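Structural features, examined
Residue-level listing of the chains:
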There are 2 protein chains.
Amino acid sequence: MIARAAETGRRSRVCSEHFGNLRYQRVTDKLGDLPRGTCMFGETVIWGYPSIGRILRLESGLREQFCAPLWVEEKMDGYNVRICQVAGRVLALTRGGFVCPFTLDRLADLMDLRILDEHPELVVCAEVAGPENPYLHGHPPRVAEDVALFVFDLMRRGMPGYLPQREKLALIERYGLPAAPVLGHFQPTEWRRIGEILQQLNASGGEGVVLKEDSARSHRAKYVTSNSSISDIRLTIQSIKQLPPEYFINRVLRLVLFLDEQQISRDRALAEGLGDAFLDGLFSAIEQVKHEHRVYERYRCRFRDRRNAERLLRRIRAGDRHIQVVQRSLERVGDYYVLEFDKVLPNMTGLLGHVMSGGLVYD
Amino acid sequence: MIARAAETGRRSRVCSEHFGNLRYQRVTDKLGDLPRGTCMFGETVIWGYPSIGRILRLESGLREQFCAPLWVEEKMDGYNVRICQVAGRVLALTRGGFVCPFTLDRLADLMDLRILDEHPELVVCAEVAGPENPYLHGHPPRVAEDVALFVFDLMRRGMPGYLPQREKLALIERYGLPAAPVLGHFQPTEWRRIGEILQQLNASGGEGVVLKEDSARSHRAKYVTSNSSISDIRLTIQSIKQLPPEYFINRVLRLVLFLDEQQISRDRALAEGLGDAFLDGLFSAIEQVKHEHRVYERYRCRFRDRRNAERLLRRIRAGDRHIQVVQRSLERVGDYYVLEFDKVLPNMTGLLGHVMSGGLVYD
């Protein structure tokens, strides 16, 4: 975050990209009203998915942020894609505005694409989540293998904003699309009932909810469970040097505010879970440096078309100069090509390598 | 840290200060060879105490950093002062180069000042540590009340560098000065023996050691225990928004590297202790905001001269615009004036106030 902010002044906020022979412009940082990830394919603009604010308290957050009833939808722990048709071709764009070769490869497995044939002006906003995704560790417990897709919004090409919730639900139903679960429709005063939903999600490993005002302005806010904060820490601690340093502290703060408001008692297991979330990944990083001289995260995902696996690796390599990608295997297994690769984390590798070989640090 | 680095380009690295009618120049950021905290009183320069690097591994750190035998001294958990005579007047300078009204007030209680009468060219470098100090929470277990002073180095006015260890020890002995315990003299290969010292310190609540090469270059390095890292987190988590965000993560990393090298087994108590170190202060901060609408740390310290208590509060107020200081009481108790004050932490107060009243955050 810090690095990105510092760079903003120096580079253009729009850059040219291509995917195969398709050329387009991508907004790399919020530019006026255009969110990061907005893509311009000639005359066709696909607006970026807006950034959604987070509340850390339910009672006051509902009271302050919402002035009409609201839908509560489950927030799925995955990566955000916009699926759309451009010049007769279906694309899947990541939050940042890259075409994702993995999502595109698997799209026919993940959803019925008739909606885009019949409504080519629509943009399907969805979370792709599951243990076999190429971007992040952590996934909803209900997706036990591979990945699944959960539609949570529809937008229109060339337009900001979302389709109204009922219109979205009708289209999801008509086309039989997999969707993020809608958990209810509540008044902003009903924080206790929404709190019960959050406690259930917390107990069952859910990430949290997105609250969507049932009104023309369609205001939104996120709210997540304490266990998802612990899980985030556990799964990302090895990337400590790549993430904004506030990342971890923000999650501890969310956790504490959630437990306090939901009156979940602090027990030994909670403190132990939080402590272990910090310790596990760091002990494992030390072992990696001792035995393999590098710190890495391992990913595995399956493709229909082998070439998309190669495109994905090129995409990841091009997208983050801090990450080195090492392909471990790409093998045919049944109907799929299964790719395994490691993301080497050079900052953590460098730091641990330095201090474990006796280097000094100043702080 | 980030804020300071960003400001470096914009402001002068030397600024004028005064203490009563004494005017001097203070180096606010490293300036060539001059460390931060170097002070210039007319012709007399008191060099800043140099920043000492830290090793996070003992075996490799000793091998890489030291090419001669080394002294192992206990690192006392307090604040660093330089005590010196300038124009016939005794001063106590903080690390940053401010005259400390608290240390000065209590100096006669803390050490025999004859050394400066007989050697006015010397600068006594010491740690002032104890539960009743105005700067930091955390203290060596052996200082159960008030504060104590521990001399760890002698320098000379107008000169960088330290007196040789044996010369320092002879002067400490001659003048009966309280000193940081010298725990031994070792070869750089004797990491296991030094490790045993660290394990004892870890068990007894010690902070760690400073390793001082027994050679002309007098190279140094710090090395701290895992429990001191947990203790740091516990005692400073409320100041989370004032500290560099890496502060906490660095300590978790130190902790893990220490435990791994010292082969201290990970048990439930360790994870629980680390988790609680994060949780305790944040739960307490939430309670403070609920009941008092602010997050603060409480301090208590005793003075001989009531005016020095007032000078101290002015000093703290002037030194950090992020901190508000609220005096709670200043009362005569026996031979002392006992001051109690709160440092209000406006960043944490602001953040918690915002989110607890339902505000949105973006991340």
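Refer to the structure printed above.
Residues numbered from 1 in each chain as written. Chains lettered and ligands numbered in written order. Predicted model: local features only at pLDDT ≥ 70, side-chain atom pairs only at ≥ 80, totals over all residues. Heavy atoms only, no water.

Bringing the interface of chain B and chain A into the picture now. Between chain B and chain A, the residue contacts involve 58 residues of the former and 57 residues of the latter. For the pair chain B and chain A, the two sides together bury roughly 5,000 Å², of which 67% comes from carbon and sulfur. The tally of links from chain B across to chain A stands at 12 salt bridges. For the pair chain B and chain A, the number of links is 20 residue pairs in polar contact (both at pLDDT 80 or more). Contributions of two or more residues to the side of chain B that touches chain A are made by strand E5 (54–55), helix H2 (58–65), helix H8 (246–261), helix H9 (268–292), helix H11 (346–356) and strand E17 (360–361) of chain B. Considering each element in turn, the side of chain B that touches chain A owes the most residues, 15 residues, to H9 of chain B. With two bridges joining them, strand E17 (residues 360–361) of chain A and E5 of chain B adopt antiparallel strand pairing. What sits directly across from Leu360 of chain A, in E5 of chain B, is Ile55 of chain B. (Contact = heavy atoms within 4.5 Å. Buried area = accessible area lost by both parts, 1.4 Å probe. Salt bridge = Lys/Arg side-chain N within 4 Å of Asp/Glu carboxyl O. Polar contact = N/O pair within 3.5 Å; in protein donor to acceptor, adjacent residues only side chain to side chain. Helix = DSSP H or I, 4+ residues; strand = E, 2+ residues; numbered from the N terminus. Pairing = 2+ DSSP bridges.)

Residue and element names in this part refer to chain A. Here four strands make up an open sheet; going across it, the order is E8-E7-E9-E10 and the pairing antiparallel. Both outer strands of the open sheet, strand E8 (89–94) and strand E10 (148–156), are each paired with one neighbouring strand and no more. Put simply, the sheet's adjacent strands are angled 30° from each other on average, direction ignored. In this sheet, E8 lies alongside strand E7 (residues 79–86) in antiparallel orientation, the contact comprising six bridges. (Axes fitted to C-alpha atoms, helices over the stretch in contact; angles between N-to-C directions.)

Attention now moves to the relation of the copies chain B and chain A. Superposition of chain B onto chain A requires a rotation of 180° combined with a translation of 0.0 Å along the rotation axis, giving an RMSD of 0.0 Å. Here the copies are linked by what is in effect a two-fold axis. Both copies present the same face, since 98% of the interface residues in chain B are matched by interface residues at the equivalent positions in chain A. (Least-squares fit on C-alpha atoms with pLDDT ≥ 70 in both.)

Once that is clear, we can look at unusual backbone geometry. One non-glycine residue, Ala87 of chain A, lies in positive phi territory at about 50°. By secondary structure assignment, the location of Ala87 of chain A is in the loop between E7 and E8. Non-glycine residue His293 of chain B carries a positive phi angle of around 60°. Summarising the element assignment, His293 of chain B is placed in the loop between H9 and strand E14 (296–303). Of the residues examined, His293 of chain B reaches a relative accessible area of 63% and is grouped as exposed. (Buried < 20%, exposed > 50% of the residue type's maximum accessible area, 1.4 Å probe, protein only.)

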